[in-house]
Amino acid sequence: SIMNYETAGGSSFVVDVETARDTGMVDPTYVNKLRGLGDVVPELAGLDVATIIWTTTPWTLPANLAVALHPDLTYAAVKSGDEIWILAEELVEKAFAEFGIEDYQTIATFSGAVLEGRKCCHPFLDRESLLVLADYVTLETGTGCVHTAPGHGREDYLTGLRYDLDILSPVD
């Protein structure tokens, strides 16, 4: 089933819920862009990069306030075409296969912990999302970068409390 959403600014986006549920992935166009990582990952100095967020609940994306990374996982900055995406190193091959992308290269690896507190752009709304650390991020599915909406779900709520995030639930 297709779900259509309208943002506060009047633009809209569509989520194919069945595809998201079946694959456990959101279309890779849902990215959180960030800059200024050169001080913690020198290979990324001056480059635009993006986290590829994972969710099984795409209807909560308007409430995204954070992207959770695991503090003990190694993350990779992976270049494909003109894009550089951050995801858990152990999930690169599997994720890019699911994206249908064969031409990519890892340009840097680093601990998820070095990104804590950095801010990135919300995937489609004009606001920032905070990069946070959470032990519940796993390597079982997804990208190791977990969409976090404190107004939806216990783990997200507790992460929101830990990082003093708003409890936002704009979906009725």
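Up top is the structure.
What this report covers is the structure whose coordinates are included nearby. (Residues numbered from 1 in each chain as written. Predicted model: local features only at pLDDT ≥ 70, side-chain atom pairs only at ≥ 80, totals over all residues. Heavy atoms only, no water.)

### What about the overall build of the protein?
Part 1 of the argument: In terms of helices and strands, the protein carries three helices and 11 strands.
Part 2 of the argument: Its helices and strands in sequence order give the protein the pattern β-β-α-β-β-β-β-β-α-β-β-β-β-α, from N to C terminus.
Part 3 of the argument: Among the 172 residues that make up the protein, the fraction classed as buried is 48%.
Part 4 of the argument: Accessible area for the protein stands at about 8,600 Å²; split by element, carbon and sulfur atoms hold 47% of it. (Helix = DSSP H or I, 4+ residues; strand = E, 2+ residues; numbered from the N terminus. Buried < 20%, exposed > 50% of the residue type's maximum accessible area, 1.4 Å probe, protein only. Areas by Shrake-Rupley, 256 points an atom, 1.4 Å probe, with all protein chains shown as cover.)

### Looking at helix α3 (residues 154-162)
Part 1 of the argument: If you check which residues of α3 are buried, you get D156, T159 and G160. The arc enclosing the buried residues of α3, seen along the axis, measures out at 105°, which places them on a common side. Structural note: α3 exposes R154 and R162 on the side pointing more than 90 degrees away from its buried face.
Part 2 of the argument: In this structure, the buried side of α3 is in contact with β10 (128-133) and β11 (146-148).
Part 3 of the argument: In the stretch just after α3, D164 is the one whose phi turns positive, near 55°. (Arc of directions from axis to C-beta. Contact = heavy atoms within 4.5 Å.)

### Some thoughts on a nonpolar patch on the surface
Part 1 of the argument: There is a patch of nonpolar side chains on the surface, built from Y157, L158, L161 and I167 and spanning about 360 Å² of accessible area.
Part 2 of the argument: Mapped onto the fold, L158 is located in helix α3. (Patch = residues over 30% accessible without salt bridge, like charges linked within 9 Å, V, L, I, M, F, W, Y side chains within 5 Å. Salt bridge = Lys/Arg side-chain N within 4 Å of Asp/Glu carboxyl O.)

### Side note on the nonpolar core
Part 1 of the argument: If you look at the biggest cluster of nonpolar residues, it comprises 34 residues, and the most contacted ones within it are L44, Y75 and F110.
Part 2 of the argument: For this core, the elements supplying multiple residues, two or more each, are β5 (66-69), β6 (74-80), β7 (83-88), β8 (105-111) and β10.
Part 3 of the argument: The contacts of F110, once residues within four sequence positions are left out, are V41, L44, L73, T74, Y75, A76, A77, I86 and L115.
Part 4 of the argument: Counting 10 residues, the second-largest nonpolar core is a separate cluster that includes A50, A76, V78 and F99. (Core = buried A, V, L, I, M, F, W, Y, C linked by side-chain atoms within 4.5 Å.)

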